[in-house]
Amino acid sequence: MTVLNILVLVCLAYVVLLFAVAFGADRAARRGHLRWLRSRLVYTLSLSIYCTAWTFYGAVGFAARSGLEFVTIYLGPTLVMVGWWWTLRRLVLVGRTQRITSIADLISSRYGKSNLLAVLVTILAVVGTTPYIALQLQSVTLSFAAVAAFAEPGAAAAPLSEMKSTALWVAAGLALFTILFGTRNLDANERHHGVVMAIALEAVVKLFALLAVGVFVVWWLAGGIGATAERIAASEISQFEVSGGRWVGLTMLSAMAFLCLPRMFQVMVVENEDEDHLRTASWAFPAYLLLMSLFVIPIAAVGLERMPAGSNPDLFVLTLPLAEGQGGLAILSFLGGFSSATSMVIVAAIALSTMVSNHIVMPIWLHYSGGAATVSGDVRQVALMARRLSIIGVLFLGYVYFRVSGGGEALAAIGLIAFVGVAQFLPALMGGLFWRGATRSGAIAGLCAGALIWLYCLFLPSFGPAVLMSEALHAAGPWGIDWLRPHALFGTEGMDPVLHALLWSLLANTGAFVIVSLLVFPQPLERLQGAQFVNVFDHSGTPGGWSGDMAQSEDLLIMAQRIMGAQEAQAMFSEAAVRQGVSGYLPEPSPDFLQELERALAGSVGAATAHAMVAQIVGGASVSVRDLMAVADETAQIMEYSSQLEAKSQELARTARQLRQANEKLTQLSVQKDSFLSQVSHELRTPMTSIRAFSEILRDTDDLSPEEQTKYAAIIHDETVRLTRLLDDLLDLSVLENGQVNLNIQSGTLEDLLDRAVRAAGGETDRFAIRRARSEERVDLSTDLDRLAQVFINLVTNARKYCDADPAVLTIRVGRAGDQLTVDFSDNGSGIAADEQAVIFEKFARVGQNKAGGAGLGLAICREIMLRLGGDIAYLPGQKGAAFRVSLPQVAPGASVAPEQSLAES
Amino acid sequence: MSPERRPVFLERRSYRRRRIADAARLLPLGGGLLLCVPLLWRGGPADGTVTAIIYVFGLWALLIALAAFLSRHLPGSEEGGATGKDPGERE
């Protein structure tokens, strides 16, 4: 019992270590310490999730049954990695330029962003991977049971129910880990640093464990290399009798699976930081595989010789040290198997959940929720929730499969069966990367044909005769047609079932793919994507597919906020606006920008969905002449000319639009200036008139009572105060504009400042509420607090005056954008019309002809103040009501000497 | 874009790089063929497995060494591409 307890303890400690490593890596990544996380070594080690528990334990069993043949499982990936210059380089580059999130996304993106294709790939991937996850659960429970059996030799083998509860706990723990570290961020292109780091650690543990057992077996049990060779020669597997078909077939199969397995695609392409990491992995990963398989045959041979007949060779790695009384080594070996199982399940769950949520859940959700704009970031929340639920679903399916199949021998064979299943992606994948003629219909036909044959010949029969397929069907074929028997299609009797299924499914798959591709004519978008994928090395700067003249930038921003979250979307839009030289937060919807936006969205929800969402706003995706030119570069010069004309005219239209905007703004300004002058004159005249009138009364009337005198003098005084205030504002503005103002730098917290501003602006009333998040506001500031308060007071007062909702609610939110602090003031009124947004910060501007007569200087002064403080104030479009964003540095420029100053003054 | 003029002959350095890229493409093919050699030994000596182990693992190690060598000299890498070829760039 104690051994078992120790094992459980060690396991828990190991899991805690994994959590700590993942957590630490995530934190380091957020702080920007990425050097270590992005190293080539980590990338290479993360590829090791190819070695699952099936290879960790199973390789020895495989070797004990059929000798050296096990090595083919490692030789295939070795050849692929060594030949990275052919395929992997292209695959990774395409994945990075197109912001691919999964293998389903890649295939759908290549064939015109077709969601049908993505759904097919996703379903096949789930069907192929679920049993594989069950296999990992089985291996953990089996190894646990093996240790338990050794700990209590008297007791009967652990009851099945106990094994099942072990599997359930393992599955639940894995789901928790995966959700915690795998769904932290939505954008698949923001890598899962924590997960990758934990996997790299697990890779080291499993390699070390296997090598330790190997060294123990060779130099301890067998007595050196020479003696080991003699033992191998004396054992049952001494004869090299590998069938040629299986040797070549399995090597090819493992090579294909290495490229197509969703989890391999995840670490190899999606989590890749830099194409150059492949360069190192091209030899380092084969070296890892070599080390993993180095001691497999010796362990198998010695195990066969020493262990009692009938013991499970799949568990030799664990039972050999146990039988020799090496408890520590056995625990290490157990941890190795545990690592192999967990890392595979985690990555597979992440990959599958991304596919399921992006290609199945999200399209359905978007379809039913329609385009109704709601809260920013809501799509993001749904996507993350979908991903979390998918992870739980995938692991639960794996657990159910494990329980239903009873964890028997049938499960052990599933590894190769799953390989054949995912190998069906290969024709569409490679065809898409190398052949421009490959079409969507071809890919669908090929996938369906291959998948059906795989299901019929290999997957369904794998449950055993008479479980899912009747005995009669097995023996005589459907409707008694002899040459349709699942294990002998077209009379190919006596073939190895895996090879048989591989041969026929891939033949049908490739055949259908090629023939249909040759027959149909692709859509423009397919041709465009095809050219981008196949010629990825030629033009990395790819042509855009949108012509966004009628696109509304604001609608796009609202949509982007829903998916990416408000902050990220605003940052992206304002960055693009800066690049285009447009002021404010909304860039021109140029084709380049639309393309960039679509790519960014694709990183979160997949290419097909992103395309559909942009199309919803911009209108039908148009493939311009220029894009088609890139597809058909053999076309004549004349088309080039017309495409240039088209580009020119589009550019002209854009410039004209910009000019028109500028002109409108100028006209408006001039009108405003005139109206301001009359306003100022009016404002000056009214008090002047009353001052004059009352001073005349005072001068000319003799018998005024003292009360009347005081009253008239007070009126005169009030009017002069009003005049002074107006002149003060004007003066203030001109001082600010000329840069003659001296800042009085002080320190304080934003919270206090906002309190002060709210109080000064009249506080909250029944009809005017202010919502704040005080925890965000506890930020220290070192700036001109009085001036800043002036800005805040102005904004709060404006909201109070102009917000037309009842009750009016002003929300103040504090955030960060880069090194700037942002304070958003948004109300729930009807906002400011688009044509007025452009001028509200200009002097003399007043929105509408409204009641409460300010001179229209408030916002202009605010802007000047913010510019002096090193920040800015801007109108924030895409919110519900009027919204202003004040951004400022935490420490105002020139404030470094502030503390001494304030000390000296005090 | 396509009818841009491409030189018929390349200078020595670029020529070398292209041939290295060729070698990198051929490596998996050659490796795959050589890995099939043990299949021809069927019905050989009783300790066939030991010989096959030595052959397969030796070939494997050789492939790794060649891949490591090629990966340093293939074009496109900042270190491998530039530092390996500095002498040529001086001209």
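Residues numbered from 1 in each chain as written. Chains lettered and ligands numbered in written order. Predicted model: local features only at pLDDT ≥ 70, side-chain atom pairs only at ≥ 80, totals over all residues. Heavy atoms only, no water.

1. Overview of the overall build of chain B
Across its full length, chain B carries four helices and zero strands. Taking as baseline every contact in chain B between residues at least 6 positions apart, the subset at least 24 positions apart corresponds to 64%. (Helix = DSSP H or I, 4+ residues; strand = E, 2+ residues; numbered from the N terminus. Contact = heavy atoms within 4.5 Å.)

2. Structural notes on the overall build of chain A
In terms of helices and strands, chain A carries 38 helices and seven strands. The buried share among the 906 residues of chain A stands at 55%. Sequence separation of at least 24 residues holds for 79% of the intrachain contacts in chain A that already meet a minimum separation of 6. (Buried < 20%, exposed > 50% of the residue type's maximum accessible area, 1.4 Å probe, protein only.)

3. Some remarks on a negative patch on the surface
Residue and element names in this part refer to chain A. A surface patch of like charges, here negative, comprises Asp 702, Asp 703, Glu 707 and Glu 708. For Asp 703, the position within the fold is in the loop between helix H31 (637–700) and helix H32 (706–738). According to the relative accessible area criterion, Asp 703 is exposed, its value standing at 67%. (Patch = residues over 30% accessible without salt bridge, like charges linked within 9 Å, V, L, I, M, F, W, Y side chains within 5 Å. Areas by Shrake-Rupley, 256 points an atom, 1.4 Å probe, with all protein chains shown as cover. Salt bridge = Lys/Arg side-chain N within 4 Å of Asp/Glu carboxyl O. Lys, Arg positive; Asp, Glu negative; His and termini not counted. Charge placed at Lys NZ, Arg CZ, Asp CG, Glu CD.)

4. Some words on the packing of aromatic side chains
Residue and element names in this part refer to chain A. Summed over all chains, the structure comprises 21 aromatic pairs over all chains. For the pair Phe 285 and Tyr 288, a centre-to-centre distance of 6.3 Å together with 10 degrees between the ring planes defines the contact as stacked. Taken together, the residues span about one helical turn, with Phe 285 and Tyr 288 both in helix H14 (residues 276–294) at a distance of three residues. Under the relative-accessibility criterion, Phe 285 is labelled buried at 0%. (Phe/Tyr/Trp six-rings, centres within 6.5 Å; stacked < 30°, edge-to-face > 60°.)

5. Quick notes on helix H24 (residues 497–519) of chain A
Residue and element names in this part refer to chain A. The end-to-end C-alpha distance of H24 is 33 Å, a good match for the 33 Å that 23 residues give at a rise of 1.5 Å each. Among the residues of H24, Val 498, Leu 499, His 500, Ala 501, Leu 502, Trp 504, Ser 505, Leu 506, Asn 509, Ala 512, Phe 513 and Ser 517 are the ones counted as buried. In this structure, the buried side of H24 is in contact with helix H12 (244–260), helix H20 (414–423), helix H21 (425–434) and helix H22 (440–459). Two to three positions downstream of the cap, the backbone nitrogen of Val 498 sits 3.2 Å from a side-chain oxygen, assigning the N-cap of H24 to Asp 496. (Expected span 1.5 Å × (residues − 1). Polar contact = N/O pair within 3.5 Å; in protein donor to acceptor, adjacent residues only side chain to side chain.)

6. A closer look at helix H13 (residues 262–270) of chain A
Burial analysis of H13(A) places nine of its nine residues in the buried class, the great majority of the element. Of all the positions in H13(A), only Pro262(A), Arg263(A), Met264(A), Phe265(A), Gln266(A), Val267(A), Met268(A), Val269(A) and Val270(A) are classed as buried.

7. Here's the deal with a nonpolar patch on the surface
There is a patch of nonpolar side chains on the surface, built from Trp86(A), Leu26(B) and Leu29(B) and spanning about 310 Å² of accessible area. For Trp86(A), the location among the structural elements is in the loop between helix H5 (72–82) and helix H6 (88–97). On the basis of relative accessibility, which here comes to 39%, the residue Trp86(A) falls in the partly exposed class.

8. Looking at the pairing of strand E5 (residues 820–827) of chain A
Residue and element names in this part refer to chain A. Counting buried positions along E5 yields seven of eight residues, so the element is predominantly enclosed. With eight bridges connecting them, strand E4 (residues 808–817) and E5 associate as antiparallel partners. Looking at E5, one finds that Thr 811 is bridged to Ser 826. Here E4 folds back onto E5 in antiparallel fashion, the turn holding two residues, of which Gly 818 has a positive phi close to 65 degrees. (Pairing = 2+ DSSP bridges.)

9. A few points about the sheet that holds strand E6 (residues 872–875) of chain A
Residue and element names in this part refer to chain A. The mixed open sheet is built from five strands, whose spatial order is E2-E4-E5-E7-E6. The open sheet is flanked by strand E2 (768–772) and E6, the only strands paired with a single partner. Averaged over all neighbouring strand pairs, the angle between strand axes comes to 20 degrees, with direction disregarded. Where helix H33 (residues 750–760) meets the sheet, its contacts fall on E2, E4 and E5, and the angle it forms with E2 comes to roughly 175 degrees. (Axes fitted to C-alpha atoms, helices over the stretch in contact; angles between N-to-C directions.)

10. Examining the pattern of salt bridges
Residue and element names in this part refer to chain A. For the structure shown, the criterion picks out 20 salt bridges over all chains. A salt bridge links Arg 692 to Glu 696; its shortest N-O distance comes to 3.6 Å. Of the two residues, Arg 692 and Glu 696 are both situated in helix H31; the distance of four residues between them amounts to about one turn of the helix. Take Glu 696: its relative accessible area is 33%, and that puts it in the partly exposed class. Through salt bridges with shared partners, one network takes in Glu 751, Asp 755, Arg 772, Arg 774, Glu 777 and Arg 778.

11. Some details on the confidence of the model for chain B
All names here are of chain B. Put simply, chain B has an average pLDDT of 71, and 64% of its residues get 70 or more. Here helix H4 (residues 86–89) stands out as the least confident element of chain B, with mean pLDDT 32; helix H2 (residues 48–73) is the most confident, with 86. The low-confidence segment residues 77–91, where pLDDT is below 50, has 16 contacts with residues more than four positions distant or belonging to other chains. Scored as a whole, the predicted complex attains pTM 0.69, and scored at its interfaces, ipTM 0.80. (pLDDT = per-residue confidence, 0-100.)

12. As for the environment of Arg885(A)
Residues and elements named next belong to chain A. Within the secondary structure, Arg 885 sits in strand E7 (residues 883–889). In this structure, the C-alpha to C-alpha distance between Arg 885 and Asp 824, residues 61 residues apart in sequence, is 4.4 Å. Excluding residues that lie within four positions of it along the chain, Arg 885 makes contacts with Gln 570, Tyr 585, Thr 822, Val 823, Asp 824, Asp 872, Ile 873, Ala 874 and Leu 876. Polar side-chain contacts of Arg 885 include one of 2.8 Å to the side chain of Gln 570. For Arg 885, the side chain forms a polar contact with the side chain of Asp 824, separated by 2.7 Å.

13. Things to note about the environment of Ile53(B)
Inspection of the secondary structure puts Ile53(B) in helix H2. Residues Ile53(B) and Pro38(B), spaced 15 residues apart in sequence, show a C-alpha to C-alpha distance of 9.6 Å.

14. A short note on the packing of H6(A) against H13(A)
Two numbers describe a pair of packed helices, the interaxial angle and the distance between the axes. All names here are of chain A. At their nearest, the axes of H6 and H13 sit 9 Å apart, and the two run at 75 degrees to each other. Classified by the angle between their axes, H6 and H13 sit roughly perpendicular to one another. Touching Leu 88, Leu 91, Val 92 and Gly 95 of H6 are Phe 265, Met 268 and Val 269, all from H13. A per-class count over the contact of H6 with H13 returns six nonpolar, one polar and no charged. (Parallel < 35°, antiparallel > 145°, perpendicular 65-115°, else oblique. Nonpolar A, V, L, I, M, F, W, Y, C, P; charged D, E, K, R; others polar.)

15. What about the nonpolar core?
A general feature of soluble globular proteins is that nonpolar side chains tend to end up buried together. All names here are of chain A. Of all hydrophobic cores here, the largest spans 202 residues; its most connected members are Phe 70 and Phe 425. At 18 residues, helix H10 (residues 193–222) tops the list of elements feeding residues into this core. Not counting residues up to four positions away in its chain, the partners in contact with Phe 70 are Ala 59, Phe 62, Ala 63, Ser 293, Val 296 and Ile 297. Membership of the second largest hydrophobic core comes to 47 residues, among which are Ala 757, Val 814, Cys 862 and Phe 884. (Core = buried A, V, L, I, M, F, W, Y, C linked by side-chain atoms within 4.5 Å.)

16. Things to note about the side chain of Arg787(A)
Residue and element names in this part refer to chain A. Here Arg 787 lies in helix H35 (residues 785–802). Note on Arg 787: relative accessible area 16%, which makes it buried. Apart from the residues lying within four places of it in its own chain, the contact partners of Arg 787 are Asp 732, Leu 736, Val 741 and Ile 865.

17. Quick word on the side chain of Gln570(A)
For Gln570(A), the location among the structural elements is in helix H27 (residues 566–580). Look at Gln570(A) and you get buried, because its relative accessible area is 5%.

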